[in-house]
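Fold and contact review
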Amino acid sequence: MAIVDALAGHAMEIRARVAASAGRSGRTEAAVQLVAVTKTIPAATVERAFELGFTTFGENRVQEARAKIQDLQLPGIRWELIGHLQTNKAARAAELFSRIQSVDSLRLAELLHHEASQLGLVLPILLEVNVAGESSKSGFAPGDLPAAAAALRHLPALQPEGLMTIAPLSADPEEIRPVFRELRRWRNRLRQESEGWNELSMGMSDDFEVAIEEGATIVRIGRALFGARA
Ligand SMILES: *Cc1c(COP(=O)(O)O)cnc(C)c1O
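Scope of this entry: the structure provided in the associated data block. The shown structure was predicted, so the numbers you read here are calculated from the model rather than taken from an experiment. (Residues numbered from 1 in each chain as written. Predicted model: local features only at pLDDT ≥ 70, side-chain atom pairs only at ≥ 80, totals over all residues. Heavy atoms only, no water.)

**Examining the packing of aromatic side chains**
Inspection of every chain in the model, using the stated rule, returns one aromatic pair. Between F57 and W79, the ring centres sit 5.5 Å apart and the planes meet at 40°, which makes this aromatic pair tilted. In this pair, F57 sits in strand 2 (residues 56-59) while W79 sits in strand 3 (residues 78-81), placing the two residues 22 residues apart along the sequence. Above the plane of the ring of F54 lies R15, whose end atom (NZ or CZ) is 4.4 Å from the centre. (Phe/Tyr/Trp six-rings, centres within 6.5 Å; stacked < 30°, edge-to-face > 60°. Helix = DSSP H or I, 4+ residues; strand = E, 2+ residues; numbered from the N terminus. Lys NZ or Arg CZ within 6 Å of the ring centre and 35° of its normal.)

See below:
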C-alpha cells in the first residue's frame, strides 16, 4: 500500500484545485504559478516541498528567509519576498530574492533601484496594492498606480512585472471576488500603457480558487500546503 504523507497529499489536492479553477477561467494549470509560502516552516520541510516539485518559495521576513536560503542551495530554487520590507533591509533583500512582490511605496522602489544598480542586476518587482483601502495594510492606493508606473520608467534597475494584493479577511471568498476583479482591471490598464505588467499575484489558502477564476497568474499558498502555522 502506498503511503502518502500529508504534504504530498496536500500538494496533489492543491494542484488539482488550481487546474480546475484555471480551467474555469479558460486557462491551463501552467498559466498559474504556485508560490509555496514558507514563513515559520523549517528548512527540512521546505526541502520536502522542493522534492515534490515546488520551486518557488515565498517568505515575508528577510531575516528568516536568509537563514533558509543559505541552508537550501538547491538547483533551480527561487525565493520571493511577499511581506512588508523595511527600508533598512532593502540591500539585503535585493541580494537574496528573485522577485520582490511587496513593493508598497515609491520610496522603497527608489531604494531597491539603488541597491539593484549597485549589484549590477535588474530586479523583478510587483507593486502591492491596497485595493480595499484597509488601514491595517500597506500598499498603493489603486488610483496612484498610473503615476507609480510612470515613475518606475525612470528606475531601469527594476523590472515591474505586475500587481500583488492581500485580500481582506472574509469567511466567504465570494465576498472578495470584486477585489480580485478590480486588481485585474488595474493590471489591464497598466498593461495598455506600458509593456510588462502581466502578473497578478492574488489568492491565498482560503481564496485562491476565486482569485484564479478572476485571472490570478500567481497564487501564494501556505496553510493549505503545510498545515496551520504554529
Ligand atoms: C502568509 C502569507 C500568505 C499565505 O497565506 P496562507 O493563508 O497560509 O495561504 C500569502 N501572502 C502573504 C503576503 C502572506 O503573508
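**Some words on the site of the ligand**
Every residue lining the ligand is accounted for by V37, K39, N60, I82, I166, M204, S205, R220, I221, G222, R223 and R229. Note that a nitrogen atom of the ligand is positioned 2.9 Å from one of the side-chain N or O atoms of R220. Within the contact set of the ligand, an oxygen atom lies 2.8 Å away from a backbone nitrogen or oxygen of G222. Among the residues making up the shell around the ligand, the classes are represented as five nonpolar, three polar and four charged. (Near = heavy atom within 4 Å. Polar contact = N/O pair within 3.5 Å; in protein donor to acceptor, adjacent residues only side chain to side chain. Nonpolar A, V, L, I, M, F, W, Y, C, P; charged D, E, K, R; others polar.)

**Overview of the pairing of strand 5 (residues 123-128)**
The element strand 5 is largely enclosed, with a buried count of six among its six residues. Of the two faces of strand 5, both are covered, the one formed by L123, I125 and L127 as well as the one formed by P124, L126 and E128. With two bridges joining them, strand 4 (residues 99-103) and strand 5 adopt parallel strand pairing. Bridged to V103 within strand 5 is L127. One crossover worth recording links strand 4 to the parallel strand 5 by way of helix 5 (residues 106-119), and it is right-handed. Of the strand pairs in this sheet, strand 5 and strand 6 (residues 158-164) are connected by six bridges, and their pairing is parallel. In the strand pairing of strand 6, L123 is matched with L158. (Buried < 20%, exposed > 50% of the residue type's maximum accessible area, 1.4 Å probe, protein only. Pairing = 2+ DSSP bridges. Right-handed = clockwise from strand over helix to strand, strands pointing away.)

**As for the nonpolar core**
Of all hydrophobic cores here, the largest spans 67 residues; its most connected members are F57, F97, I100, L112, L127, L163 and L225. F57 has contacts with V35, A36, T38, V46, A49, F50, I77, R78, W79 and E80, leaving out every residue within four places of it along the chain. (Core = buried A, V, L, I, M, F, W, Y, C linked by side-chain atoms within 4.5 Å. Contact = heavy atoms within 4.5 Å.)

**Considerations on the side chain of S205**
Inspection of the secondary structure assignment puts S205 in the loop between strand 7 (199-201) and helix 8 (208-213). The class for S205 is buried, based on a relative accessible area of 9%. Only 3.3 Å separates the side chain of S205 from the backbone nitrogen of R223, close enough to count as a polar contact. Setting aside residues up to four positions removed in sequence, S205 forms contacts with R17, R220, I221, G222, R223 and A224.

**Here's the deal with the packing of helix 6 (residues 145-152) against helix 7 (residues 177-193)**
Close contact between helix 6 and helix 7 brings their axes to 10 Å; oriented N to C, the two are set at 40°. Classified by the angle their axes make, helix 6 and helix 7 are oblique. As helix 6 runs across helix 7, the sense of the crossing is right-handed. Only W186, R189 and L190 of helix 7 make contact with helix 6, whose side of the interface consists of L145, P146 and A149. Here the residues of the contact of helix 6 with helix 7 sort into five nonpolar, no polar and one charged. (Axes fitted to C-alpha atoms, helices over the stretch in contact; angles between N-to-C directions. Parallel < 35°, antiparallel > 145°, perpendicular 65-115°, else oblique. Left-handed = near helix turned anticlockwise from the far one by under 90°.)

**Quick word on unusual backbone geometry**
Within the chain, T40 stands out as a residue other than glycine whose phi angle is a positive 70°. Given a relative accessible area of 45%, T40 falls into the partly exposed group.

**A closer look at the pairing of strand 4**
Among the five residues of strand 4, five are classified as buried, and the element is accordingly described as predominantly covered. As paired strands, strand 3 and strand 4 are joined by two bridges and run parallel to one another. Among the inter-strand pairings, E80 is bridged to a residue of strand 4, identified as R99.

**Side note on the environment of A44**
Following the sequence through the fold, A44 ends up in helix 2 (residues 43-51). Taking relative accessible area as the criterion, A44 reaches 56% and is therefore assigned exposed. Between the C-alpha atom of A44 and that of P173, which follows or precedes it by 129 residues, the distance is 32 Å.

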